[in-house]
Amino acid sequence: MIVATHLRKQFVVRGKPLVAVNGISFHVKEGEVYGLLGPNGAGKTTSIRMVMGLLEPDEGYVEIGGMRTDQHASLIRKELGLISTNDGVYPWLSVREMLLYFADLYAVEVPIAKERLEELAGLLGIRDFLDQRCSTLSTGQKQRVTLARGLMHDPPVMLLDEPTRGLDVVGSQTVFEFIDFLKKRGKSVLLSTHRLDEAERVCDRFGLLHHGTIRYEGTLSDLRALTGKEHLVDMFIDLIQSDRTQAPISSSMGAA
Amino acid sequence: MQEYFSNGRLGRLCLKELRESLRDRRTIVTLFLMPILVYPLLSMAMQRLIVGSVRGTSEKQEYLIGVADEETAQIFNNSIRETQRAINAGVRPSIDIVRSQTSSKNKSDPVATDSDHPDSDHTDDLQALFRLAMPERSSTSEALKDGLLDLAVIQAKQKDLRSRDGQSIPVFEFELQFREGDLRSEGAMLEFRKAMQLVNDYQAAMIRGPSLPTAVQVKAASIGKRFDPTASLAGVLPLVLILMTITGAVYPAIDLTAGERERGTMEAMIATPAPRFVLLLSKYVAVVTVAVLTALANLFASWITLSIGGLGRALLGEQGFSVLALLQILPLLVIFAAFFSAILLAMCSFARSFKEAQAYLIPVMLVSLAPALVTLMPNIEFSTWLGVVPLVNILLLSRDIMTGSPAPLPAFAAVFSTLIYAAAALVVASRLFGAESATAGSQESWSDLLQRPRKARAIPDLGELSIYLALLFPIFFIVTNLTGQWITEIVPRLWCNAVVLILMFLIAPALFVWYRRLDFRNTFLLDFGASSCSKPGNYGISSQLGWLISSVLLGLGLWVIAFELFKTLSDLGFGALSLERSESLDALKKQIREIPFWMFLLTSALVPAVAEEFFFRGFVLSAFRHRLSAVWSIALSALIFGVFHVISGSVLSIERFFPTLLLGLALGLLAVRTGRLWPGIFTHAIHNGLMFWLTRFEEQELEGWFGKGNQHFPVLWITASMGVVGVAVLLLWMSSLDRSHENVS
């Protein structure tokens, strides 16, 4: 569903070139959850933004359902849902107004949007506060509204950029249930996170991103065979340590 | 794109932004609370200012009348006494005359010599209304000029006639001077005229009989305008209104852009397929709506304050803050709101947080306030070139509307240029909006509008058109004005116009197209041969011939209709041809007949045809076709074509708008149907040539065609011309049928 080929992106930070993503390739199949993992600054957000079509790669391209993002930008955006760390809500709108607004932004027809709203309200347990202003919601409630927002246009591909950052156990649990739900619906999920323990629980395959390149890729058992470590956390520590012996870690590791 | 403009979706998007703004307490405070507080406070402050700057108030009105000598004073007082007699005799007194309740006996003015004639109940009042003064060191005229006096008696004569019953009937003749545009001086003049009218009425009715000549003759001359302290105060109100409109727009502008980032909703929003322009447009509509609501609230509050307090009359003259002025200022504020909201959105789109946005806005406000304060200077006139200075133009125009007399040309320039600036600012805002950061350079950003693009494109887009127009219009306006004022000789003026046309409409757009790496052939519809180009469409020789014939026929037919339209509009008073202007037109006609016809054809038909077609049917039309349908593109390009023709030299010729609009529509149709520029050049040149050829004839010579005393073409001519135009359009349709020519982009 998602095919990223040789993506490269370079930024200029204070006059110096900085390679955030350096020629990565990966693919996500239908109904698969792919974990794009890495420490802060590894290039996860930059990669997701290129998949999203929000950033134009310097080299390489992304295909979603066989369409290239640089050629069918607006068509592809209808196929994609995005939920990211810093997603907020509109304090002065009610939950219903906000969700219908996003349906309009995705050009969903009004009757379909209303139907979907009802469905999602039941699924994510937001029915009780549908007509409440978003400013009055608790953090957990806001998070569920955000998840519903990502599904208002029922996209076949879901991009989750650090969806659990700043959430407590209950909040993270909601997200995992959400990912399970997406998987059951046959959606392709690209999940970026630095919480490796979480990723182990929900992802089918992994790409270990470091310094803008994918160091290891495969299922958990593939990676175990490859690295000889039991857990992702250990693999990463190994990776970073080998890095230290080779070269000092650059002070700024990406614009993510 | 289309799906966002259908099914009321854009409306719902705008509604979301409006909800967000209007549910916010802070918006409501600026919207309703501020006007309620500001105007009463302002009116109190102004009242104090006016009391300080003007001698006397409405309750204690008195006018200082300057007389040269004792004799004049005597005659003046006699005339007042005569007025008193008239009042006593029961002639209906003017209300103003007996209004004054104060005595003038204990006045101690160094220049005043009071005359006391306590011979009736009301004489005191009248004496108090007109207090006499004799300037010691200067003439009365000079004292008046210096503002020491309200009215100067230059000459006064009195003759005493005897009636048949032996009664003495005084007859007066006065020569007075007053300051024009000075409320007090004009008021004094008015009161004195009323008083004298009373004497006239009295004598005519009681003594002399209606057939006799007037008893009092008053001649008055103005000595020109003088600084009036209240005039500058009249400029305060527009400034306050504009400032309040800005205040109303600031908060929603920040909230809907930088606020969106701060809340973390921006990314989710721009990740949707909704085009950024649509997102920005909905925000723009919301900001303008809030700004207009604020303007309305403020206008209404200020109108009520000024009307209730009587401050309006003191500030703005006799009529006060009239409903008419209110209705004229409201659309101005709407236009201003449209302009400034776009500026604010552009500024705020740049910011990543509320604080950052505020930090950007403060310098913008200060920079725009500096010229705004200039408008408060009393002697600043709303001159032509100020008409294209943003903000200042709207301020001066509102000031002039409030005090009564806006000049049409700068007024037009103010409105039109502000609209263009608004469009350009909106374009910049839509580029800035959602642009991630300076490092993520791949998104189209505002700097793309200035930098030379790397990729070549076929035709300009609407953004480029707005920016180009925003740069071109003020320059064009000022240049045509200056040349219109400086060059009065006809031959240099013709050449100068031609050069301006070539520079502005031919060379400058060509340079722009080169710089932006646009395609010359596509932008300017430069296809000549029958099959030399692949785009747009291949047409055979027969089509080319058809176009040629139809373009010539259009030229032959259109000018008669355009001329008639022009004449009819002029007759209806649209042109407001003053006597002076028609005289200069006659002089111009004489000059025109003396210059060689070839020169005329070259400068007034050929050059305009080529240059204007190049710009209006090439650049402008192509830019519209980038986004809009053919019909809209033709209509809008014709509109711009018409508006540019309203400015001719240093005068505003409204009557030229509709004929030019008509011509623009026909030429637009020609360009779209043929996909080429040259047929339009033919039509345009023939049209202009014939039109100017007509101006070479004397009215008497034209009578042979038009019939005696008739300024219009005979009906037969008009019908025939319409027929010719019809045939031309039909032919155009048929010769473009063989291969339909589709959207250039």
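As the structure is a prediction and not an experimental result, all values here were calculated from the model. Note on numbering: residues in each chain are counted from 1, in written sequence order. Chain A is the first chain written and ligand 1 is the first ligand written, with later ones labelled in order. Local features are withheld for residues below a pLDDT of 70 in this predicted model, meaning they are given only at 70 or higher, and side-chain atom pairs are given and counted only at 80 or more; totals for whole chains, interfaces and linings count all residues. Working from all heavy atoms in the structure, the side-chain values ignore hydrogens and water.

K.L.:
Describe the environment of B:E464, and please don't skip the residues or the numbers.
P.N.:
Residues and elements named next belong to chain B. Working definition: helices are DSSP H or I runs of at least four residues, strands are E runs of at least two. Numbering for both runs from the N terminus. With respect to the helices and strands, E464 occurs in helix α17 (residues 462-486). The spatial distance from the C-alpha of E464 to the C-alpha of L450 is 9.6 Å, given a sequence separation of 14 residues. Note on definitions: a residue-residue contact is assigned when non-hydrogen atoms from the two residues lie within 4.5 Å. Those residues in contact with E464 that lie beyond four places of it in its chain are R457, F512, R516 and L518. In the analysis that follows, any N or O atom pair within 3.5 Å is treated as a polar contact, provided that within protein one partner can donate a hydrogen and the other can accept it, and provided that, for residues neighboring in sequence, both atoms belong to side chains. Looking at E464, its side chain comes within polar contact range of the side chain of R457, at 2.8 Å.

K.L.:
Let's hear about the interface of chain A and chain B: which residues, and what values?
P.N.:
Across the contact, 35 residues belong to chain A and 31 residues belong to chain B. Defined in terms of a 1.4 Å probe, buried area is the accessible area two parts forfeit on being brought together, summed over both. Summing both sides of the interface, chain A and chain B together bury roughly 3000 Å²; the carbon and sulfur share of this comes to 55%. Together, A:Y90, A:W92 and A:L105 form the three largest contributors to the area buried by chain A at its contact with chain B, with a combined 23%. For this analysis, a salt bridge means a side-chain nitrogen from Lys or Arg found within 4 Å of a carboxyl oxygen belonging to Asp or Glu. Counting every contact that joins chain A to chain B gives six salt bridges. With a shortest N-O distance of 3.3 Å, B:R19 and A:E97 are connected by a salt bridge. Elements that contribute at least two residues to the side of chain A that touches chain B include exactly β1 (2-13), α1 (44-52), α2 (73-79), β6 (80-84) and α3 (95-105) of chain A. Of the residues forming the side of chain A that touches chain B, the biggest block, five residues, is contributed by α3(A).

K.L.:
Could you give an account of the packing of aromatic side chains, naming the residues involved and the relevant values?
P.N.:
Residue and element names in this part refer to chain B. Note on aromatic pairs: the rings of Phe, Tyr and Trp (six-membered ring only in Trp) are paired at centre separations within 6.5 Å, and the planes decide the class, stacked below 30 degrees, edge-to-face beyond 60, tilted for the rest. Counted by the stated rule, this structure contains 45 aromatic pairs over all chains. Ring geometry for F615 and F619: centres 5.8 Å apart, planes at 10°, overall stacked. Of this pair, F615 and F619 are both found in helix α22 (residues 597-627), four residues apart, which corresponds to roughly one turn of the helix. Between F616 and F641, the aromatic rings sit 5.0 Å apart at their centres with planes inclined by 70°, giving edge-to-face as the arrangement. Here the residue F616 occupies a position in helix α22, and F641 occupies one in helix α23 (residues 630-646), the gap between them amounting to 25 residues. When a residue's accessible area, from a 1.4 Å probe over protein chains only, is under 20% of the maximum for its type it is buried; when over 50% it is exposed; and in between it is partly exposed. Among the residues examined, F641 registers a relative accessible area of 0% and is labelled buried. Two conditions define a charge sitting above a ring: the NZ of Lys or the CZ of Arg must be within 6 Å of the ring centre, and it must be within 35 degrees of the ring normal. Above the plane of the ring of F641 lies R617, whose end atom (NZ or CZ) is 4.3 Å from the centre. Sitting above the plane of the W733 ring, R673 keeps its charged end 4.1 Å from the centroid.

K.L.:
If you had to explain the sheet that holds strand β5 (residues 67-68) of chain A to someone new, which residues and values would you point to?
P.N.:
All names here are of chain A. Any two strands with at least two DSSP-identified bridges between them are counted as paired. Read from one edge of the open sheet, four strands run β2-β1-β4-β5, paired in antiparallel fashion. Every interior strand has two partners, whereas the edge strands, β2 (16-28) and β5, have only one. In this sheet, strand β4 (residues 59-64) lies alongside β1 in antiparallel orientation, the contact comprising five bridges. Within the sheet, the bridge partner assigned to A4 lies in β4 and is V62.

K.L.:
Which residues make up unusual backbone geometry, and what values go with them?
P.N.:
Peptide bonds are trans in most cases, and residues, glycine excluded, mostly fall at negative phi. A positive phi is found at A:H211, a non-glycine position, where the angle reads about 50°. Secondary-structure assignment places A:H211 in the loop between β9 (205-210) and β10 (213-218). Notably, B:L391 is not glycine yet its phi reads approximately 70°, a positive angle. Assignment of secondary structure puts B:L391 in the loop between α14 (354-374) and α15 (392-403).

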